[in-house]
2 protein chains.
Amino acid sequence: MNDSRPIRAKSGTNHEGTSAHNRRVIVDALRINGALSRADLARATRLTKQTVSNIIEELERDGLVSSQEAVRKGRGQPSTPFRLVPGGAFSIGLQIDRHVTRAVAVDLVGSVLVRAEAALPPGGPSTGAKVILDLVAGVRSNLARIVRQSDKRLVGLGVAMPGPFGIDGSGDDPWMMGAWQKFPLLETLAAGTGLDVGLQNDAAAAATAERMVGAAHGLDHAVCLFVGYGIGAGLILNGELYRGANGNAGEIGMALLFADGKSTPLEHRASLASLYQHLSADPADPDLHARIDNLALRGDPSIEAWIGTAAADLRWSIHLIETIFDPQTVILCGSAPEGLVNRLIAAVGPLLPSIAERRGRTLPRLQPGMADPWSVALGAAAGPISRAFDPHFAAILKDSR
Amino acid sequence: MNDSRPIRAKSGTNHEGTSAHNRRVIVDALRINGALSRADLARATRLTKQTVSNIIEELERDGLVSSQEAVRKGRGQPSTPFRLVPGGAFSIGLQIDRHVTRAVAVDLVGSVLVRAEAALPPGGPSTGAKVILDLVAGVRSNLARIVRQSDKRLVGLGVAMPGPFGIDGSGDDPWMMGAWQKFPLLETLAAGTGLDVGLQNDAAAAATAERMVGAAHGLDHAVCLFVGYGIGAGLILNGELYRGANGNAGEIGMALLFADGKSTPLEHRASLASLYQHLSADPADPDLHARIDNLALRGDPSIEAWIGTAAADLRWSIHLIETIFDPQTVILCGSAPEGLVNRLIAAVGPLLPSIAERRGRTLPRLQPGMADPWSVALGAAAGPISRAFDPHFAAILKDSR
DNA sequence: GTAATAAGTCAAGACAATTGACTTAATAAG
DNA sequence: CTTATTAAGTCAATTGTCTTGACTTATTAC
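Residues numbered from 1 in each chain as written. Chains lettered and ligands numbered in written order. Predicted model: local features only at pLDDT ≥ 70, side-chain atom pairs only at ≥ 80, totals over all residues. Heavy atoms only, no water.

As recorded by an unreviewed UniProt entry, chain A carries the name Putative NBD/HSP70 family sugar kinase and is attributed to Rhizobium lentis.

Dropping the structure here:
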C-alpha cells in the first residue's frame, strides 16, 4: 500500500527551458567572442536569424547587450555587432579565509568594481557573522553609489571558502574553520542580504574566475591547480564547474604522496601552510606576504628548499591531473605572493611526460593563472553570474528555479 | 577584411530539442524505477499529465514501452504502469583487446542476447579488420535470427578498446595495439556495417555497463576502477560518462606512484599485465585465466604477494579517486578472473580514511562490479543505447543530429 | 449509496522557434 | 553610372510542443 520509495527522475523541460537556454547560449557566445552581429550569432548557435533577432531585442531591453556601430565588410548590408553591457548585471563575491575576509562587487564581464577587506575576529561565526554581513552590505552600498540601480541587477552572492564541506573537522583548528563549516552560513547570508547565495571551495572559485576572465576563458575542459593555504583543484569539465556528489570534488590536498616509505598528504608539502611551517612564520602576520615575496625574489635558501619540494610535488600533481582529466590545459594559480608563484612556476618545469603531449596541441600544457589576492573573491562573485547566464544542463530543466 | 577566426559558441535548441529531452527523461525514469504510471511520471519529471500521456503514446507506438495490468491502490482510478520493452532497441558492442575480440548484441535494458568471440590474427589491422567485421556481422545476423526485425531497431555499434587514444605508441607493442590505434577503425566499421559507431576505452565501457545494469545504476556520480590488462577509471560525472578533451579521461594507468625513491606507473604494479609478468606467464595462453583463478583460490604465495602490492596500490587509488571526484561510490571491476577479483577486493579493505567517510552515507564507499569477462563488451554496446536514450545536455542541442 | 479521490483524456490556448518572402544597404561588375 | 549580386535583417504566417482547465472514468471510504 505504502510503496513510497521516492521515484528518481530527471526533470523535463518546456518552452521556457528552450528560450532560457537560447538566451544563455547567445550571452555565452558574446562573452567568448566579443561583439557579434545577429547573423554571426545565428550561424554560430544554429538558431535562425529571426530567433536571434528576437532574443537580442529582449536582451537589449533587459540592458544586457547593446549595439555597436555598424561595420561594412564586403557586399551586403552592414552588420550591427552587439556586445555584452558590463553593467547589465552585478554580483557580490565573498572570500572567507582563515584570517581575512574579502568582498568584491563585479559586473557581467567580470570587472571588479568594489573591494573591501576585513579581519575576522577570533571566536568563529558567532562574532564573525556580523562582520561578514557588514562587509557585504558595505560593498553593496558602495556599488550602488557607483552604479545607479545596480541593486536591481544583482544576481546573487557567491561565497568561497576552504573546503572540504560537510566533513567533521579535525579539532586542531586555530582559525575555527571547522566551526565555520558547521555554522549555517549560507542561510544566514541569504536571510541577511535577501540575495541568492552559492558556495564554492576556494580552488573552484579560482577556476570560475579563470573561466570568466582568465586562462580558461572559453575552454570546456580545464583544471586549475590552486595553491593557497591548502591546495586544491578547480575542475572545469564539459564547460561547467564540477562539484562532485557533495561539493568536494577537486579537494586534492588530502591526496597521498609516498616518500621515505610513508605517506603524506599533498598539502603538507605543497601549500602555503607548509611554507609557513617551514619558515616558522606566523600566518596571521599581515606583512608576511610581502616578506615572503621579498625572500622569494632574493632567492633565499630556505624558500628555495621549500620551492624545490613543492615544485616536485606540483609537477607530480600536474601529471596526475593530465592523466586523470585529459584537460585542454592546466592552470596554476594561487593566493600566494606573486613572486613566489613565479618562482614556483619556473621551478615546476619541465613537466613530466604525459598523455597531454600530443601533436596538434594549441594550448600550453601549463599556464599561469591570475596571481591576484582578490582572484578567489572574484571567482566567488563569478559563481552567481555563471549560474545566471551561462548555458548548462540544469538551466534547461523545469526544477532549476 | 578576412577576420575569419571561427566563432565559438554552444548550439541553441528548439521544440524538437525539448521533445527529445522529455522523451529521454521518461525512458530514463522507467529504466531507473521500473514500471511507472503516467501520473507517477508526470510528478517525477514535472511534466504535465497530458504531456506524459502524449509521449508515452508515442513511445508505445515506437515499441519502446508497453503497459502492464492496471493496479488499484487506494481511492481513485487505478493506474496503468508502463515499462521499457527490452526488445525496443538493440545495440552491438565490440571489445577489441590484445589477444581476443568479443562482440555482443544487447537489448534496451542491457540483456546480452548474442555473444561471439574470436582471436585476432597476428599482423594488426590489415588482417584483423576483416575478422572483426565478420564477427560483428555474425552477431548481427544471429540477433536477427532470434528477434525478427531487430536490425531496424539497431541503434549503433559501440567499440571498446584499451586507451589512451591519439597518442603515439611506444614501439614495444607485441599486440600491435599502437597500430590498431592508428588504423581508421571507426570509419572502417561504419562503412562496413552502415551503423553509427562510437568508441570508449575499456574502463569507460565498464562504467557504462555498470551504469546500465550494475552498481552504478541510477547514480549520477560514480567511478569504476577497472583492473584489466592495464588499469583505468571509468568516470560517471553528472550522470554521464566523462571523456575529457580527447577521450582519454580516466586513463590512470600512467599515474605515478612513488616508492623506493623512484616513480612507477600504477599499471606496472596493479594490472593483469603486471601479474602475468610477476608469474612469468604468457598472456596469450587461453587457459591462463582458469589457472590464475585456481591459484588465487588456493592462496598461492606467488599470487598472494602480487595481491598484496596491488591491493595497496588500489587502496591508494580509491583514496585518490574519492579525494578528487567526491563520488557517491567507487566500483571495483575488471576483466580479471573472478576468484582473483574477489581476493583483491577482500585484500583492499579496510579503506584509507578519506573525505568519503561522511555521516549519512547510504552507499558503501567501495562496491564490487560485474566480474564477467563480457562486461566490457556489454559496456561497449551500452554506449550507443545510452547515446540514443539517456538524457544529456548534448542531446538537446541542435547540432547533435 | 454517495462523496471523495486519483488517473487519465479532450480541446483550446500559449509560447517560442521556423519559414519564406520582403526590405535595406552595401560592393562588384559592366 | 547603372545594374547585379550579396548579405543583414524584418515581417507575418505557420508549426511544433507543452500547458490549461474542464471533463470522464474507476476505485475506495464513509
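Let us keep going from here.
## A closer look at the domain arrangement of chain A
Often the size quoted for an interface is simply the accessible area lost on bringing the parts together. Residue and element names in this part refer to chain A. In terms of domains, chain A is made up of domain 1 (15-84), domain 2 (89-207 + 378-390) and domain 3 (216-369). Taken together, the contact between domain 1 and domain 2 spans eight residues of the former and ten residues of the latter. Counting every contact that joins domain 1 to domain 2 gives one salt bridge. Between D390 and R31 there is a salt bridge, and its shortest N-O distance comes to 3.9 Å. At four residues, helix α1 (residues 15-33) tops the list of elements feeding residues into the side of domain 1 that touches domain 2. Along the lines of polarity and charge, the residues of the side of domain 1 that touches domain 2 split into three nonpolar, one polar and four charged. (Domains from an automatic or database assignment. Contact = heavy atoms within 4.5 Å. Salt bridge = Lys/Arg side-chain N within 4 Å of Asp/Glu carboxyl O. Helix = DSSP H or I, 4+ residues; strand = E, 2+ residues; numbered from the N terminus. Nonpolar A, V, L, I, M, F, W, Y, C, P; charged D, E, K, R; others polar.)

## A few points about the protein's contact with DNA strand C
In the region of DNA strand C, 30 residues are neighbours, and Q77 of chain A together with K49, Q50, S53 and K398 of chain B sit closest. At the protein interface, 67% of the atoms of DNA strand C within 4 Å belong to sugar or phosphate. A distance of 3.2 Å is found between a phosphate oxygen of DNA strand C and a side-chain nitrogen or oxygen belonging to R43 of chain B. Taking Q50 of chain B, its side chain carries an N or O atom lying 2.5 Å from a base nitrogen of DNA strand C. Where the surface near DNA strand C is concerned, the elements lending two or more residues are α1 and α3 (49-61) of chain A together with α2 (38-45) and α3 (49-61) of chain B. Looking at the surface near DNA strand C, the element that brings in the most residues is α1 of chain A, giving four residues. The residue inventory of the surface near DNA strand C, partitioned by class, reads three nonpolar, 20 polar and seven charged. (Near = heavy atom within 4 Å. Polar contact = N/O pair within 3.5 Å; in protein donor to acceptor, adjacent residues only side chain to side chain.)

## Section: helix α8 (residues 272-279) of chain B
All names here are of chain B. Of all the residues in α8, the buried ones are L272, S274, L275 and Y276. Against the buried residues of α8 lie β9 (222-227), α9 (288-298), α10 (301-325) and α11 (338-348). Note on α8: the residue one or two positions beyond its end, S280, has a positive phi of about 50°. (Buried < 20%, exposed > 50% of the residue type's maximum accessible area, 1.4 Å probe, protein only.)

## Regarding the protein's contact with DNA strand D
Taken together, 31 residues sit near DNA strand D, with H15, K49, Q50 and K398 of chain A together with Q77 of chain B positioned nearest. Within 4 Å of the protein, atoms of DNA strand D come from sugar and phosphate in 69% of cases. Take N22 of chain B: an N or O atom from its side chain is 2.7 Å from a phosphate oxygen of DNA strand D. Q77 of chain B places a polar side-chain atom, nitrogen or oxygen, 2.3 Å from a base oxygen of DNA strand D. Sorting the residues of the surface near DNA strand D by element identifies α2 (38-45) and α3 of chain A together with α1 (15-33) and α3 of chain B as the ones contributing at least two each.

## Some thoughts on the packing of aromatic side chains
In total, this model carries seven aromatic pairs over all chains according to the counting rule given. A centroid spacing of 5.2 Å and a plane angle of 45° characterise the contact between F325 of chain A and F325 of chain B, whose relative ring orientation is tilted. With F325 of chain A in helix α10 (residues 301-325) and F325 of chain B in helix α10, this residue pair bridges two chains. Of the two residues examined, F325 of chain A and F325 of chain B, each falls in the buried class. (Phe/Tyr/Trp six-rings, centres within 6.5 Å; stacked < 30°, edge-to-face > 60°.)

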